[in-house]
Amino acid sequence: MCGIVGIVQKQETKIGKAIIEALTKLEYRGYDSVGIASIYDNKVIITKDQGKISEVSERIDVNSIKGKIAIGHTRWATHGPPSKENAHPHVDCSGDISVIHNGIIENFQRLKEELLEQGHVFQSETDTEIIPHMIEQQVKKEGLALKEAIIQVVKRLEGTFAICVVSNLNPDRIYCAKRDSPLVIGINTDRMFCASDIPAFLNKTRKVVLLHDDEFVTLTSEGYDIINFNTLEKVIRKPHIVSWKPEMAQKAGFPHFMLKEIHEQPHSLADYVRIKQPSLTRIAEKIYNAEKIFLLAAGTAHYSTLTGEHLIRRFAKKSSSSIIASEFESVNSLIDEDTIILPVSQSGETMDTIMAIKSAKEQGASILSAVNVIGSTITRHSDEVLYLYAGPEIGVAATKTYTAQTIAMWDIGLELGKLSGEINNSEYSEARKLYQQIPNIVKQTIVRNEARANHVASWFAKKNSSFYLGRGLNLQTANEGALKMKEIAYIHSESYPAGESKHGPIALVEEDYPVVFITPQDYTHNRIIGNIMEMKARGAAATVVIEEGDREIEELSKWKFEIPQGYSEMFSTIPYVIPLQLLAYYTAVRRNLSPDMPRNLSKSVTVL
Ligand code: M6R
């Protein structure tokens, strides 16, 4: 996820300031580097650097960027770490064609090789940089006009993109195209905007045109012209007036970032599934050949490592231990050159995890991490990194990054299964097919359970204490569901292996006591029925997360959430956590709490 913006106006002004102002409204989409391409004196002028907008604007003289036309970008690194070179805009060899991009170009390696053979010189590690070079090739070698060249190029791109192009070849216009990444136009009397999201220009205009996939736009100070870039047919689309308040617009109309991020999961998981990471095979091989394996994390990330521990046992037939980062000291004496440490972290900045990694490194261990923030401290201490590609997460409660961490554990697990022969080639292909379906199942799960979660929350919000019970892999789902309820709704919630609850915790149960059961249709099903009966016999009110149509368990419950049929039992932990995220969110809202900023917590815990 990155933020892009373009402005084309009738009067020449300090356009740099206007671009920075608009980008600031998009900083929730990315904040590791900033860049602007403006056209002045018939030249493309690039100003860019690494850092947050506030930091970069102190280093560059924004007011000196003048002109009628400019595009700007705030980056969330995917290909290549945050750096000045990798910051957008990117240019062709001559510096005449400048491009900003949000999305992921899947076939960029192949296209880059082609361009290298044709003699193009690259300055960054990004997938984006191929675009200006491809356009240059079409214009300068094939003789196409700029617009036709861009159209030819976007037709060849695979993956997701929203791009804006400015060039001194046509200095009065911005060309834009999109597929699967957002792009909107804003209309003002003396200037036109294009941007990833409406907040970029909401303080200037409420007149908006939403662009659809495979559309190409020519934006001038006079107006906009849309065509479909495949058929070249003209598209007539009138603007509409948005009524959102600026703060709401930043959250895409959702009242809180947490809810927005819950809804983003089909996309973040699809991005993870889509991007083939060369480090995956190396990580799996190193784990498979290792003598000792310790997974390392804190909080929510720890629950994903418990899934990882389970999968290493199941697929590599090896024992491994998942260690809470702040407790690493207890295994320190076991670490040596034959040890693999697998840290998992959203921020890559959790101090407990960093200190444990440093100590393990000093003793010769290899660090293979799974991290969301590219270029973060943990990635810099790692020998290999598997990125989570979940985009920035603003809400303090981890949601989309938990499902990303969990899918990353599955990604490694399946590779281990193939390496060990635990799954044969056809089972592996079948599992990969089912794995591809996870984003869609998650989408259906959100649709099916959101209103219900809001309804159940009205009951849950009056409670002081609850249990979350699961078995097998879904013990992690119970752990994560209970943590969410604790941290944002402030309801004391404890998770246990369902079979363990009778060894003490059940003493707390009284009439109408909330107990949440995670009950997929797998080998845990019948045993969980026994656990529900035990709890009900003591007065507990069961909230169950079941597979659609599971009447046996439904009949024992007070409240139910349903996962649509058709998901693979293998990957159940991902869809099964979704209703629990929604339940925690709506319970917090019903208690008039702020889910995005729970008390006493911060997004990244950088103290020991
Ligand atoms: O950035 P990390 O994944 O390393 O953070 C670890 C925990 O601090 C984090 O998961 C925390 O538990 C979240 N608030 C959970 O919602």
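### With respect to unusual backbone geometry
Point 1. Residue P89 is bonded to the preceding H88 through a cis peptide linkage, with omega at 0°.
Point 2. A positive phi angle is found at Y490, which is not glycine, with a value near 55°.
Point 3. Of note, Y490 is situated in the loop between α16 (474-489) and β22 (492-497).
Point 4. A relative accessible area of 22% places Y490 in the partly exposed class.

### Some remarks on the packing of helix α13 (residues 400-420) against helix α19 (residues 573-590)
For any two helices packed against each other, one specifies the inter-axial angle together with the distance between the axes.
Point 1. Packing of α13 against α19 leaves a shortest axis separation of 10 Å and a crossing angle of 170°. Relative to α19, the element α13 lies roughly antiparallel. In this structure, α13 contributes Y402, T403, T406, I407 and W410 to the contact, and α19 contributes T573, I574, V577, I578 and Q581.
Point 2. Grouping the amino acids of the contact of α13 with α19 by side-chain chemistry returns six nonpolar, four polar and no charged.

### Digging into the pairing of strand β21 (residues 465-470)
Point 1. Of all the six residues making up β21, six are buried; the element is thus mostly covered by neighbouring parts of the structure.
Point 2. Here β21 shows two buried faces, one formed by S465, F467 and L469 and the other by S466, Y468 and G470.
Point 3. Of the pairings in the sheet, the one linking β21 to β22 comprises six bridges and is parallel in character. Each residue of the ladder has a partner; that of Y468, found in β22, is S495.
Point 4. Since β21 and β22 lie parallel, the crossover through α16 that links them has a hand, and here it is right-handed.
Point 5. In the sheet, β21 pairs with strand β23 (residues 514-519) via three bridges, with the strands oriented parallel. Within the sheet, the bridge partner assigned to Y468 lies in β23 and is V516.

### Describing helix α10 (residues 299-316)
Point 1. For α10, which comprises 18 residues, the first-to-last C-alpha distance of 25 Å matches the rise-based estimate of 26 Å (1.5 Å per residue) to within 8%.
Point 2. The buried fraction of α10 amounts to 15 of the 18 residues, a majority that puts the element mostly inside the structure.
Point 3. K317 sits one or two positions beyond α10 and adopts a positive phi of about 55°.

### Here we look at the sheet that holds β23
Point 1. Read from one edge of the open sheet, five strands run β22-β21-β23-β24-β25, paired in parallel fashion. Two strands in the sheet have a free side with no partner beyond their single neighbour: β22 and β25 (559-563). Neighbour to neighbour, the strand axes of the sheet diverge by 15° on average, direction disregarded.
Point 2. Here helix α15 (residues 438-460) sits on the sheet in contact with β21, β23, β24 (541-547) and β25, set at roughly 165° to β25.

### A look at the pattern of salt bridges
Point 1. This model, assessed by the stated rule, comprises 33 salt bridges.
Point 2. A salt bridge links E384 to K286; the shortest N-O distance between them is 3.9 Å. Of this pair, E384 sits in strand β20 (residues 384-387) while K286 sits in helix α9 (residues 279-289), and the two are 98 residues apart along the sequence.
Point 3. The exposure class assigned to E384 is buried, which follows from its relative accessible area of 11%.

### A look at the domain arrangement of the chain
Point 1. You can read the domains of the chain as domain 1 (3-249), domain 2 (251-436) and domain 3 (447-595).
Point 2. Placing the centre of domain 1 and that of domain 3 at their C-alpha centroids yields a distance of 45 Å.

### Here we look at the pairing of strand β3 (residues 43-50)
Each regular strand carries side chains that alternate between the two faces of the sheet.
Point 1. The pairing of strand β2 (residues 33-40) with β3 spans eight bridges and is antiparallel. Residue pairing in the sheet places V34 in a bridge with D49 of β3.
Point 2. Here β2 hands over to β3 after two residues, with D41 in that stretch at a positive phi of 55°.

### Overview of the site of the ligand
Point 1. The ligand sits among 14 residues. The nearest are S345, Q346, S347, T350 and E487.
Point 2. Between the ligand and V396, the relevant distance is 3.4 Å, taken from a nitrogen atom to a main-chain nitrogen or oxygen of the residue.
Point 3. Looking at the shell around the ligand, the elements that each hand over two or more residues are α10 and α16.
Point 4. Of the residues forming the shell around the ligand, the biggest block, three residues, is contributed by α10.

### Topic: the packing of aromatic side chains
Point 1. Per the stated rule, a full pass over the model turns up 14 aromatic pairs.
Point 2. With a centroid separation of 5.5 Å and an interplanar angle of 75°, the aromatic rings of Y31 and W76 are classed as edge-to-face. In this pair, Y31 is assigned in the loop between α1 (15-24) and β2 and W76 in the loop between β4 (67-75) and β5 (90-91), connecting sequence segments 45 residues apart.
Point 3. On the accessibility criterion, Y31 (28% relative accessible area) is partly exposed.
Point 4. What makes W76 buried here is its relative accessible area of 4%.
Point 5. Measuring from ring centre to ring centre gives 4.7 Å for W410 and F571, while their planes differ by 75°; the resulting arrangement is edge-to-face. Residue W410 is found in helix α13, and its partner F571 is found in the loop between β25 and α19; the two are separated by 161 residues along the sequence.

### Topic: the environment of I357
Point 1. With respect to the helices, strands and loops of the structure, I357 is situated in helix α11 (residues 351-362).
Point 2. Given a relative accessible area of 1%, I357 falls into the buried group.
Point 3. Each C-alpha atom, one on I357 and one on H133, is 40 Å from the other, the two residues being 224 residues apart in sequence.
Point 4. With sequence-adjacent residues up to four places away left out, I357 is seen in contact with L296, P343, I367, I378 and H381.

Cut-offs applied
Here the residue numbering is sequential within each chain, running from 1 through the sequence in written order. Totals for whole chains, interfaces and linings use all residues, but because this is a predicted model, local features are given only for residues with pLDDT of at least 70 and pairs of side-chain atoms are given and counted only at 80 or more. The side-chain values count all of the structure's non-hydrogen atoms but skip hydrogen atoms and water molecules. Comment: elements are numbered from the N terminus, with helices defined as DSSP H or I runs of at least four residues and strands as E runs of at least two. Exposure is judged per residue with a 1.4 Å probe applied to protein chains only, and the accessible area is read against the type maximum: over 50% gives exposed, under 20% gives buried, and values in between give partly exposed. Axis definition: a line fit to C-alpha positions, over the contact stretch in the case of helices; interaxial angles, taken between N-to-C directions, run 0 to 180 degrees. What sets the label is the angle itself: under 35 degrees gives roughly parallel, over 145 gives roughly antiparallel, 65 to 115 gives roughly perpendicular, and the rest give oblique. Two residues qualify as a contact provided that any one of their heavy atoms is within 4.5 Å of a heavy atom in the partner residue. When residues are sorted by character, Ala, Val, Leu, Ile, Met, Phe, Trp, Tyr, Cys and Pro go into the nonpolar class, Asp, Glu, Lys and Arg into the charged class, and all the rest, Gly among them, into the polar class. Note on pairing: two strands pair once DSSP finds at least 2 bridges between them. Whether a crossover is right-handed comes down to one check: with the strands pointing away from the viewer, does the path from the first strand over the helix to the second run clockwise; if it does, it is right-handed. Each helix should span, by expectation, one fewer than its residue count multiplied by 1.5 Å. Criterion for a salt bridge: a side-chain nitrogen of Lys or Arg within 4 Å of a carboxyl oxygen of Asp or Glu. What fixes the domain bounds is an automatic or database domain assignment. Residue proximity to a molecule or strand is established when one non-hydrogen atom of the residue lies within 4 Å of it. Definition of a polar contact: a pair of N or O atoms within 3.5 Å, with one able to donate and the other able to accept a hydrogen when the atoms are protein atoms, and with sequence-neighbouring residues admitted only if both atoms are side-chain atoms. Under the pairing criterion, centres of Phe, Tyr and Trp rings, with the six-membered ring standing for Trp, must be within 6.5 Å; the plane angle then separates stacked pairs below 30 degrees from edge-to-face pairs above 60, leaving the rest tilted.

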